[in-house]
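Chain by chain, the residues run as shown.
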Amino acid sequence: MSAVMSQTTASAPPQGPGAAGGLTPGATPQAHRRARVPRGDSYHFKPYNVGRWLVWGLYAGVLLVAPLLWTSSLAQTMLSQIGIAIIACLSYNLLLGQGGMLSFGHAVYSGLGGYLAIHTLNAVSAGQLALPVSLIPIVGGLAGLGFAALFGYVSTKKSGTPFAMITLGLGELIWSMSLMLPEFFGGEGGISGNRVAGQPVMGITFGPQIQVYYLIALYCFICTGLMFAFTRTPLGRMLNAVRDNPERVQFIGYDTQWVRFLAFLIAGFFAGVSGGLSALNFEIVTAEVVGAARSGAYLLFTFLGGATFFFGPIIGAVLMVVALVLLSELTKAWLLYLGLTFLFMVMYAPGGFASLIMMNLRVAAFGKLRPLWTSYVALALTGLTALLGGSAMVEMLYHLQLNEALGPQMRYLGMTLDAKGLDAWFGAGFVLVTGGALFELARRQFRREWDQAQEEIEKEIKRRESL
Amino acid sequence: MLVEQILINLLNGLSSGLLLFMLSSGLTLIFSMMGVLNFAHASFYMLGAYVAYSVAGWIGFWPALIAAPLIVGGLGALFERGALRRVHKYGHVAELLITFGLSYVLLELVQLVWGRTAVPFSPPPSLQGAAFTLVHAPGQGLDWVWGEAAPAVCAAASCSKFPLTRAFMMLVALGMLVSLWLLLTRTRIGLVIQAALSHPEMVEALGHNVPRVFMLVFGSGCALAALAGVIGGITFVTEPSMAVIVGSIIFVVVVVGGVGSLAGAFVASLLIGLLQTLPLTVDGSLATLFKATPETFGYPLLKLTLAQVAPILPYLLMVLILIFRPKGLLGTRED
């Protein structure tokens, strides 16, 4: 798995044998070259990394164009939240994916950043502070950095499972304190503010949502770029080494605790920026932003998106907002579906959606995707059938639990089901069992074809290497 | 402060500490054997209470006290066999994540089956009422009566009751502690478990089925959590949030006691049980101690009474332990 992990492919450099040396500035080849040839005497052919420009350009383009395509106010609030969530999930992945540190308390840093940001905003509104509103997220980031320095000193003393327990305890500590100190945390009602404050810069008041969206989009793009750049620094590389083999890192003279601490600081800073942005976006910060549920959501969706690839958390952030805003409206049982999806993801695809995409891209790159598509269709159809039956049963149970007063009749996907009727239960069970059995058959067939495709790809790689 | 109040509080603290030990012992056993931090441990505690509530409705409380842990233990073993063992090859982070996912699913399933509000799970008649009552008549020494004191006595003196459920909690926890100790040190299976803890390959080479031992340990850990859940359910409220309430505290217990140390878990459980209970009666604050006024710097922080800050004391203890003794009170591992 570590081989997959180390290629953080947001930009997927073109995989040609000639281009590889010049494009990826890996540490060792350059060091060798420098030793042999004096600086400045040699000519390096360094073409533009077209793939990277294309990917980042596309990313910026999507951020720019998205609110012009979806203009409804729901879409604008969702896009703003997605931008904030992208920063938060990427900063979480600095810990989880890059450093192998499983934190259960990441919301502490984004939440406290949000609190400091809203207090700053209120100071600006009261005229005590002359700070442009657009810089307030930086204040949040600095707050996140400060608290990460304070708590990170304790938690990064350990790694692995004890680290996870400590972050959980620290998260609970802050959560309990939030109820105790209403002066800072605002008690039940939270702290509210008004983002139209101070002097407007170039006519931008941040009154309309669209202006806030573009501020968030700008921060999101810059932060994504910075965090990607961080993965390419020596410290970022050391962090990967600390994740994979801490003992060996210590042997070559690095302090693993210090490396973890530095990474924790950087993650805390970006989390704080996301908290500051959400303070501007919602104009209110309540105590739940430091709660365990928020930390759990960061973990869940970062993992679902894919912690082993740099761009995985971006997918996770989109999923997070879609799930929290849309799915929770659609069904009461959304947490159950989410938990089950998570369980299956950990069991069968521990690299998240990003790894599924990358695996299929690899198969496609070798031209082996075409024979697989019938299996994909079969998997999708049988899976949906099983899901239909299973979710009908879950929805009927929830209906009986929560809407008892409305009677046993309920609407489900345009059908009317009698939640107390035997036929509805029998029908749903039948659909579930049939769908499940067919899915298992399709899965076995797919597994065979997939393994065969992988084998052929391995052979092809071997053949190309020997050329 | 009255003497009998302090005594009752001490006993309350000890009984909560023993309940915490019932939970953290299972967690520690699972962790030290398999290296898996069972994030869903508190969810099994909650599940135990709910299952016992339903089973008690059919066959009565006392059979349910035995049956519920067995059922939940079986479910735990099933989860180990079906899910946890599959992700073992991906490492400890994946194992932790799958139990994290399980805690979500269990919480939702419990809400699906039993509803989102508390269920009326009350102790059986033989466990209702007081175990003993401390009677402190003015001008006389401390006296105590088994069971409830007569109303006429309490009218003249101050009475403090110690509930029977809490006494039962202490009894079961101590019984569990002794039998766990005997099981691990005096029986054949206990020796195999201890050996599998340090040298799994060697134990496997000697012909023992180590994966099955793991499954057994995971199942028994869950069963212990469920037993604690039955008792916690009748003593406190049986509601979906009961997992969250103890969930993070038992991790604190494990860190404070020393990761993987059963004796450490025992000491830390008692310590934290007392730390959670005793300050609740103290109304003093730093502000009264230093005679601070609202103008003093940091007054909002100083004016908090000890009773108010009681919920964060365990976490503060954890932070202090990590700074001054990172391996925990009785721990041996450095990281």
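Secondary structure summary: chain A contains 19 helices and four strands in total. Taken over the C-alpha trace, chain A has a radius of gyration of 25 Å; the compact-globule value for 467 residues is 23 Å, and the two agree within 12%. When contacts within chain A are restricted to residue pairs at least 6 apart in sequence, long-range pairs at least 24 apart make up 79% of them.

Considered for burial, the residues of helix α11 (residues 234–244) of chain A that qualify are Gly 236, Leu 239, Asn 240, Val 242 and Arg 243 of chain A. All buried residues of α11 of chain A project into a common sector of 160° when viewed along the axis, lining one side.

In this model, chain B carries an average pLDDT of 84, and 90% of its residues clear a pLDDT of 70 or more. Our summary of model confidence lists the complex with pTM equal to 0.84 and ipTM equal to 0.83.

Turning our eyes to something else, we now look at the sheet that holds strand β3 (residues 158–163) of chain B. Residues and elements named next belong to chain B. Strands sit in the order β2-β1-β3 across an open sheet of three strands; the sheet is antiparallel. The open sheet has two free edges, formed respectively by β2 (142–146) and β3, since each of these has just one partner strand. Neighbour-to-neighbour, the strand axes of the sheet open up by a mean angle of 20°, direction not taken into account. Here strand β1 (residues 130–136) pairs with β2 via five bridges, running antiparallel. When the bridges of β2 are listed, Phe 132 appears paired with Trp 146. Along the sheet, helix α1 (residues 3–34) contacts β1, β2 and β3; its crossing angle with β3, the most-contacted strand, is approximately 5°.

Quick look at the packing of helix α16 (residues 334–348) of chain A against helix α4 (residues 92–114) of chain B now. For any two helices packed against each other, the geometry comes down to the angle between their axes and how far apart the axes lie. Running from amino to carboxyl end, α16 of chain A crosses α4 of chain B at an angle of 155°, the nearest separation of the two axes being 8 Å. Compared by their axis directions, α16 of chain A and α4 of chain B come out roughly antiparallel. Seen from above, α16 of chain A lies across α4 of chain B with left-handed handedness. Across from Leu 335, Leu 336, Leu 338, Gly 339, Leu 340, Phe 342, Leu 343, Val 346 and Met 347 of chain A in α16 of chain A, the residues of α4 of chain B making contact are Ala 94, Leu 97, Ile 98, Gly 101, Leu 102, Tyr 104, Val 105, Glu 108 and Leu 112 of chain B.

Let us look at the confidence of the model for chain A. Residue and element names in this part refer to chain A. On average, residues of chain A score 82 in pLDDT, and 90% of them are at 70 or above. Within chain A, no element has a lower average pLDDT than helix α2 (residues 20–23), which sits at 36, and none a higher one than helix α13 (residues 256–282), at 92. Within the model, pLDDT remains below 50 along residues 1–35, and this stretch shows 35 contacts once partners closer than five positions in the same chain are excluded.

Turning next to unusual backbone geometry. Residues and elements named next belong to chain A. For Glu 283, which is not glycine, the phi torsion reads 60° and is therefore positive. Structurally, Glu 283 is set in the loop between α13 and β2 (284–285). Residue Glu 283 is classed as partly exposed on the basis of its 17 C-beta neighbours within 10 Å.

Facing 37 residues of chain A, the contacting portion of chain B comprises 37 residues. Sort the elements by how many residues they give to the side of chain A that touches chain B and helix α8 (residues 160–180) of chain A lands first, with 13 residues. Across the side of chain A that touches chain B, the residue classes tally to 25 nonpolar, eight polar and four charged.

Definitions and limits used
Residues numbered from 1 in each chain as written. Chains lettered and ligands numbered in written order. Predicted model: local features only at pLDDT ≥ 70, side-chain atom pairs only at ≥ 80, totals over all residues. Helix = DSSP H or I, 4+ residues; strand = E, 2+ residues; numbered from the N terminus. Rg over C-alpha atoms; globule rule 2.2 N^0.38 Å. Contact = placed C-beta atoms within 7 Å. Buried ≥ 20, exposed ≤ 12 C-beta atoms within 10 Å, placed from the backbone. Arc of directions from axis to C-beta. pLDDT = per-residue confidence, 0-100. Pairing = 2+ DSSP bridges. Axes fitted to C-alpha atoms, helices over the stretch in contact; angles between N-to-C directions. Parallel < 35°, antiparallel > 145°, perpendicular 65-115°, else oblique. Left-handed = near helix turned anticlockwise from the far one by under 90°. Nonpolar A, V, L, I, M, F, W, Y, C, P; charged D, E, K, R; others polar.

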